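Spelled out, the chains give:
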Amino acid sequence: MSIHAENIRRVTTQRLIEMKKRGEKISMLTAYDFTMGTIVDNAGIDIILVGDSASNVMCGHLTTLPITLEQMIFMAKSVVRGVKRAMVVVDMPFGSYQGNSKEALASAIRIMKETHGDCLKLEGGEEIIESVKRILSAGIPIMGHLGLMPQSINKYGSYTVRAKEQEEAEKLIRDAHLLEEAGCFAIVLEKIPAKLAEQVALELTIPVIGIGAGGGVDGQVLVLHDMIGLTQDFSPRFLRRYANLQGIMNEAIAHYVSDVKSGDFPNAKEQY
Ligand code: KIV
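Along each chain, numbering runs from 1 in the same order as the chain's sequence is written. In view of the model being predicted, local features appear only for residues whose pLDDT reaches at least 70, and side-chain atom pairs are presented and counted only at 80 or more, with totals across whole chains, interfaces and linings using the full set of residues. Each side-chain value is derived from all of the structure's non-hydrogen atoms; neither hydrogens nor water enter the calculation.

Enquirer: Would you mind going over the site of the ligand in detail, with residue names and values included?
Expert: Only heavy atoms are used to decide nearness, and a residue is near a molecule or strand if one of them lies within 4 Å of it. Neighbouring the ligand are the residues T30, L49, G51, D52, S53, D91, K121, H145, E190, I211 and V223. Here a polar contact is taken to be a pair of N or O atoms separated by no more than 3.5 Å, where protein atoms must pair a possible hydrogen donor with a possible acceptor and residues adjacent in sequence count only if both atoms sit in side chains. At 3.0 Å from an oxygen atom of the ligand is found a side-chain nitrogen or oxygen belonging to D52. Residue S53 places a side-chain N or O atom 2.5 Å away from an oxygen atom belonging to the ligand. Areas reported here follow the Shrake-Rupley algorithm with a probe of radius 1.4 Å; residue values treat only the protein chains shown as occluding. In isolation the ligand has 260 Å² of accessible area, and contact with the protein removes 95% of it.

Written out as structure tokens, the structure is:
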């Protein structure tokens, strides 16, 4: 039976903090459209992220930088229509919040008004803290994002593990505390040493969700298309592939092509 059939208790920021307190791990996956949002929600995920990774997996860009506010809003609206239980977090795209806090708030309000998502995710610590505080002051919950921040890829020059050196690790810890003190309800840590991620999760009272950050954090997030094998050319060490949907689709489509060519499809029962 679908979890939507009766009495759905939605995942809220408060519920996530309770989960951390009792040691229950939090599950999170991306989705970018209605059908995938519905499937992921029905399967019982806690958080759905309309991530700006859509720039890569949905639009075919090399980085997350080109995706626009309008495109993120279009995708988030579609996901929200399919979700009944999970919390829906929407990524603020590159350029929509780094300028100044007034612009950041305007972008944030637009996303919330037009998509009906539950909250927003922003990349960065001290550099964007004014924007974080201003958005929070409007009653919009924020999930932080530290470690590897793909919107800053042109600064890093590569997608290698971040915060391996002490100076960067210390800044990450400071930023995590800053985000918690400002009022963020959770933080994503991407591609950093497992020990550092565990330390941050122990020091913070808000949930810490990892991607490539080891098992010592409060939850895990992956990009849906990578974990179900719709994409095949991205294979970092932290990725576990739970299915090979690209293989299944290839086979099904090749079968269909062959049936159309041979005249096997449609048969007598498949017509009016
Ligand atoms: O956009 C995204 O998919 C993300 C996850 C990698 C956390 O930010």
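Enquirer: An account of a nonpolar patch on the surface is needed here, citing residue identities and associated values.
Expert: There is a patch of nonpolar side chains on the surface, built from M249, I253, Y256, V257, V260 and F265 and spanning about 540 Å² of accessible area. Labels follow the DSSP assignment, with helices taken as runs of H or I lasting at least four residues and strands as runs of E lasting at least two, numbered in each case from the N terminus. Tracing the chain through its elements places F265 in the segment after α11 (245-262). Residue class for F265 comes out partly exposed when judged on its relative accessible area of 36%. Without a salt bridge and with relative accessible area above 30%, a residue can belong to a patch; like charges are then joined within 9 Å and nonpolar side chains (Val, Leu, Ile, Met, Phe, Trp, Tyr) within 5 Å. Whenever a carboxyl oxygen of Asp or Glu lies within 4 Å of a side-chain nitrogen of Lys or Arg, that contact is scored as a salt bridge. Type-normalised accessible area, obtained with a 1.4 Å probe on protein chains alone, sets the label of each residue: buried when under 20%, exposed when over 50%, and partly exposed for intermediate values.

Enquirer: How would you explain the domain arrangement of the chain if you had to name every residue and give the values?
Expert: Domain boundaries shown here were taken from an automatic or database domain assignment. The assigned domain composition of the chain is domain 1 (5-241) and domain 2 (244-272). Summarising the inter-unit geometry, the C-alpha centres of domain 1 and domain 2 are found 38 Å apart. In this analysis, two residues are considered to be in contact whenever any of their non-hydrogen atoms come within 4.5 Å of each other. Between domain 1 and domain 2, the contact holds five residues from the first and four residues from the second. Where domain 1 packs against domain 2, one counts zero salt bridges. Scanning the region where domain 1 abuts domain 2 turns up four residue pairs in polar contact (both at pLDDT 80 or more). Among the residues forming the side of domain 1 that touches domain 2, the class breakdown is two nonpolar, three polar and no charged. Note that Gly is not counted as nonpolar here; it falls among the polar residues with everything else outside the nonpolar set of Ala, Val, Leu, Ile, Met, Phe, Trp, Tyr, Cys and Pro and the charged set of Asp, Glu, Lys and Arg.

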